[in-house]
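Structure at a glance
What follows is the residue order along each chain.
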Amino acid sequence: MARLVLRGVARLVTYTGGNTPPGSLLLQAGLSCSDADIPAELASQRAHWETAICNRFIRAKADGDLVPTADPALLARHTVAVLMGMSVLATQGVSRDELLSLAEMAVMPVAAATRSIPT
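The rules behind each value
- Residues numbered from 1 in each chain as written.
- Predicted model: local features only at pLDDT ≥ 70, side-chain atom pairs only at ≥ 80, totals over all residues.
- Heavy atoms only, no water.
- Helix = DSSP H or I, 4+ residues; strand = E, 2+ residues; numbered from the N terminus.
- Buried < 20%, exposed > 50% of the residue type's maximum accessible area, 1.4 Å probe, protein only.
- Contact = heavy atoms within 4.5 Å.
- Areas by Shrake-Rupley, 256 points an atom, 1.4 Å probe, with all protein chains shown as cover.
- Axes fitted to C-alpha atoms, helices over the stretch in contact; angles between N-to-C directions.
- Parallel < 35°, antiparallel > 145°, perpendicular 65-115°, else oblique.
- Left-handed = near helix turned anticlockwise from the far one by under 90°.
- Nonpolar A, V, L, I, M, F, W, Y, C, P; charged D, E, K, R; others polar.
- pLDDT = per-residue confidence, 0-100.
- Core = buried A, V, L, I, M, F, W, Y, C linked by side-chain atoms within 4.5 Å.
- Expected span 1.5 Å × (residues − 1).
- Arc of directions from axis to C-beta.
- Polar contact = N/O pair within 3.5 Å; in protein donor to acceptor, adjacent residues only side chain to side chain.

Attention now moves to the overall build of the protein. Each helix and strand counted, the protein has six helices and zero strands in total. A total of 119 residues make up the protein; the buried ones form 31% of that total. Summarising the internal contacts of the protein: among those between residues at least 6 apart in sequence, 72% fall at separations of at least 24. Entry remark: accessible area of the protein is about 6,900 Å², with carbon and sulfur atoms responsible for 60%.

Written as structure tokens, this is what we have:
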């Protein structure tokens with residue numbers, strides 16, 4: 001699941017349609033704006049993504065897809081941290097291929113917590 005999320009992010013943040021800069025508009029606004037509402041919205045979005053991913057990891061653990069010692073909340077936080085970092089890297093010109101390679105490396109902790117390699 002983490003692999004699918006991160007590979008999707010790599011594709012999303014590097015797709016520009018030729019008319020827009022790469023990266024996440026929301027994330028870039030939060031990094032460059034002095035409006036206090038923007039960072040609060042970013043935190044809210046991050047919390048939403050983290051909760052959704054954590055819930056999926058909780059379900060995977062209940063289904064026996066994660067080892068009993070796996071920490072769904074920590075795995076979710078790791079996934080979201082990488083997701084946000086990939087968005088920043090895309091705005092700095094990191095290529096889709098480089099982000100896809102990063103996504104593969106970033107799922108290694110998740111793979112270590114699973115009973116089999118995630119797809």
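Having put the structure on the table, let's press on.
The contact between helix H3 (residues 37-62) and helix H4 (residues 72-91) brings their axes to 8 Å, and the two run at 135°. As the angle between them shows, H3 and H4 are arranged oblique. Relative to H4, H3 is oriented so that their crossing is right-handed. Here Arg 46, Trp 49, Glu 50, Ile 53, Cys 54, Phe 57, Ile 58 and Lys 61 of H3 lie close against H4, whose contacting residues are Pro 72, Ala 73, Leu 75, Ala 76, Arg 77, Thr 79, Val 80, Leu 83 and Met 84. The residue inventory of the contact of H3 with H4, partitioned by class, reads twelve nonpolar, one polar and four charged.

Chain-level pLDDT for the protein is 80 on average; 76% of the residues reach the 70-or-more range. Between the elements of the protein, mean pLDDT differs from a low of 61, seen in helix H2 (residues 25-32), to a high of 89, seen in helix H5 (residues 96-106).

Within the largest apolar cluster, 24 residues are counted, with the highest numbers of intra-cluster contacts made by Leu 6, Phe 57, Leu 66, Leu 75 and Met 86. When residues of this core are traced back to their parent elements, those giving at least two are helix H1 (2-14), H3, H4, H5 and helix H6 (108-113). Not counting chain neighbours up to four residues away, the residues in contact with Leu 75 comprise Phe 57, Leu 66, Ala 70, Pro 109, Val 110 and Ala 113.

Its 20 residues place the ends of H4 29 Å apart at the C-alpha level, agreeing with the 28 Å of an ideal helix rising 1.5 Å per residue. Along H4, the residues classified as buried are Pro 72, Leu 75, Ala 76, Thr 79, Val 80, Val 82, Leu 83, Met 86, Ser 87 and Ala 90. Mapping the buried residues of H4 onto a view down its axis gives an arc of 160°, with all of them on the same face. Taking the backbone nitrogen of Ala 73 as reference, a side-chain oxygen 3.1 Å away marks Asp 71 as the first, capping residue of H4. Positioned one or two residues after H4, Gly 93 has a phi angle of 95°, which is positive.

Glancing now at the environment of Val 94. Relative to the elements of secondary structure, Val 94 occurs in the loop between H4 and H5. For Val 94, a relative accessible area of 23% gives the class partly exposed. Separated by 84 residues in sequence, Val 94 and Ala 10 have C-alpha atoms that sit 9.9 Å apart.

The N-to-C vectors of H4 and H5 enclose an angle of 165°; their axes lie 11 Å apart at closest approach. Our classification of the angle between H4 and H5 gives roughly antiparallel. H4 and H5 meet at a crossing whose hand is right-handed. In contact with His 78, Val 82, Met 86, Leu 89 and Ala 90 of H4, H5 contributes Leu 99, Leu 102, Ala 103 and Ala 106. Here the contact of H4 with H5 is composed, by residue class, of eight nonpolar, one polar and no charged.

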